[in-house]
Amino acid sequence: MAIKIRDLRSASNRSGRVFVAKSLNEALAKNQKTAFLCHSHKDHELAKGLQVLMKEDGWDLYIDWEDSEMPSTPNKETANRIKTKIRTTDWFLFLVTGNSNQSRWCPWEIGFADSAKGYEKILIIPTEDDCGTWYGNEYLQLYKKIDEGSNKQTGKSGYAVFDAGTNSGTWVKDL
């Protein structure tokens, strides 16, 4: 099951109540897990919502439009800064939506991340709208994904990471 788009929108409304590190250096100094968030800029609200959800599990997400040093118009410097941030963060997350599937930058970013980070540090976040439309495509199914999980024995629920093709997961906060 994919993460519901409405849950990401709801979480984005809580963004004012969740402290997000001002820089990757600050997050790294506090030994927080860090991740580069690959997404479409058209999904600003969903990216913010994911940032809040991940922060609640102890993660700090780098979002390029929050970076004051990022050029306002994409260029070679933009690509170099993105490469640096992908290398610097612990993880690479790909927020999969209809918009990110159409993006020209997102496939480039995951291609670079695949080379720079390898399979073990790439996580896909598939999304689903209220009509049940699931967003993703065949090459993204090669990677582990973050999904909603629950443990019937403990009653615990939250977000977990699942290897491609398996039903067993690891809680995000335990990574």
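Residues numbered from 1 in each chain as written. Predicted model: local features only at pLDDT ≥ 70, side-chain atom pairs only at ≥ 80, totals over all residues. Heavy atoms only, no water.

A. Molecular detail of the overall build of the protein. Helix and strand counts for the protein stand at 6 helices and 9 strands. Relative to its 175 residues, the protein shows a buried fraction of 49%. With the model as given, the accessible surface of the protein reaches about 9200 Å², and the carbon-plus-sulfur share is 46%. (Helix = DSSP H or I, 4+ residues; strand = E, 2+ residues; numbered from the N terminus. Buried < 20%, exposed > 50% of the residue type's maximum accessible area, 1.4 Å probe, protein only. Areas by Shrake-Rupley, 256 points an atom, 1.4 Å probe, with all protein chains shown as cover.)

B. Spatial organisation of the packing of aromatic side chains. On inspection of all chains with the given rule, the structure shows 6 aromatic pairs. Ring centres 5.7 Å apart and planes at 5 degrees place the aromatic pair Phe 36 and Phe 92 in the stacked group. Note that Phe 36 is positioned in strand 2 (residues 33-38) and Phe 92 in strand 4 (residues 91-96), a separation of 56 residues in sequence. Of the two residues, Phe 36 and Phe 92, both sit in the buried class. Of the aromatic side chains, those joined through ring pairs into one cluster are Phe 36, Tyr 62 and Phe 92. The lysine or arginine in question, Lys 121, covers the ring of Trp 91, its NZ or CZ lying 4.3 Å from the ring centre. (Phe/Tyr/Trp six-rings, centres within 6.5 Å; stacked < 30°, edge-to-face > 60°. Lys NZ or Arg CZ within 6 Å of the ring centre and 35° of its normal.)

C. Expanded view of the pattern of salt bridges. Taken as a whole, this structure holds 8 salt bridges when the rule is applied. In this structure, Glu 45 and Arg 9 form a salt bridge, with 3.1 Å as the shortest nitrogen-oxygen distance. Of this pair, Glu 45 sits in helix 3 (residues 44-56) while Arg 9 sits in helix 1 (residues 5-12), placing them 36 residues apart in sequence. Residue classification places Arg 9 among the partly exposed residues on the basis of a relative accessible area of 40%. Here Arg 81 ties to Glu 69 by a salt bridge, and the two come within 3.4 Å at their closest N and O atoms. Taken as a pair, Arg 81 in helix 4 (residues 76-88) and Glu 69 in the loop between strand 3 (59-62) and helix 4 lie far apart in primary sequence, 12 residues in all. (Salt bridge = Lys/Arg side-chain N within 4 Å of Asp/Glu carboxyl O.)

D. Main features of the packing of helix 4 against helix 6 (residues 105-116). Orientation of helix 4 relative to helix 6, taken along the N-to-C sense of each, is 45 degrees, at an axis distance of 10 Å. Considered as vectors, helix 4 and helix 6 are oriented oblique to each other. Here helix 4 runs over helix 6; the crossing is right-handed. Between helix 4 and helix 6, the contacting residues are Thr 78, Ala 79, Ile 82, Lys 83, Ile 86 and Arg 87 on the first element and Trp 105, Trp 108, Glu 109, Phe 112, Ala 113 and Ala 116 on the second. (Axes fitted to C-alpha atoms, helices over the stretch in contact; angles between N-to-C directions. Parallel < 35°, antiparallel > 145°, perpendicular 65-115°, else oblique. Left-handed = near helix turned anticlockwise from the far one by under 90°. Contact = heavy atoms within 4.5 Å.)

E. Fine view of the nonpolar core. In terms of nonpolar packing, the biggest core is built from 24 residues, with Leu 37, Leu 50, Met 54, Trp 59, Leu 93 and Ile 146 touching the most fellow members. Going through the elements one at a time, helix 1, strand 2, helix 3, strand 3, strand 4, strand 5 (122-128) and strand 8 (156-162) are the ones with two or more residues in this core. If you tally residues by element for this core, the top one is helix 3, at 6 residues. Setting aside chain neighbours within four positions, we find Leu 50 in contact with Leu 8, Leu 37, Leu 61, Leu 95 and Ile 125. Residues Phe 36, Cys 38, Ala 113 and Ile 122 belong to the second largest nonpolar core, which totals 17 residues. (Core = buried A, V, L, I, M, F, W, Y, C linked by side-chain atoms within 4.5 Å.)

F. Inspection of the pairing of strand 5 at higher detail. Across the 7 residues that make up strand 5, a large majority, 7, are buried. In strand 5, alternate side chains face the same way, and those of Ile 122, Ile 124, Pro 126 and Glu 128 on one face and Leu 123, Ile 125 and Thr 127 on the other are all buried. In the sheet, strand 1 (residues 3-4) pairs with strand 5 via 2 bridges, with the strands oriented parallel. Within strand 5, the position partnered with Lys 4 by the bridge is Glu 128. Where strand 4 lies against strand 5, 5 bridges are found, and the strand directions are parallel. Following the sheet pairing, Phe 92 is matched in strand 5 by Ile 122. (Pairing = 2+ DSSP bridges.)

Limitation: the analysis is restricted to geometry and does not speak to function.
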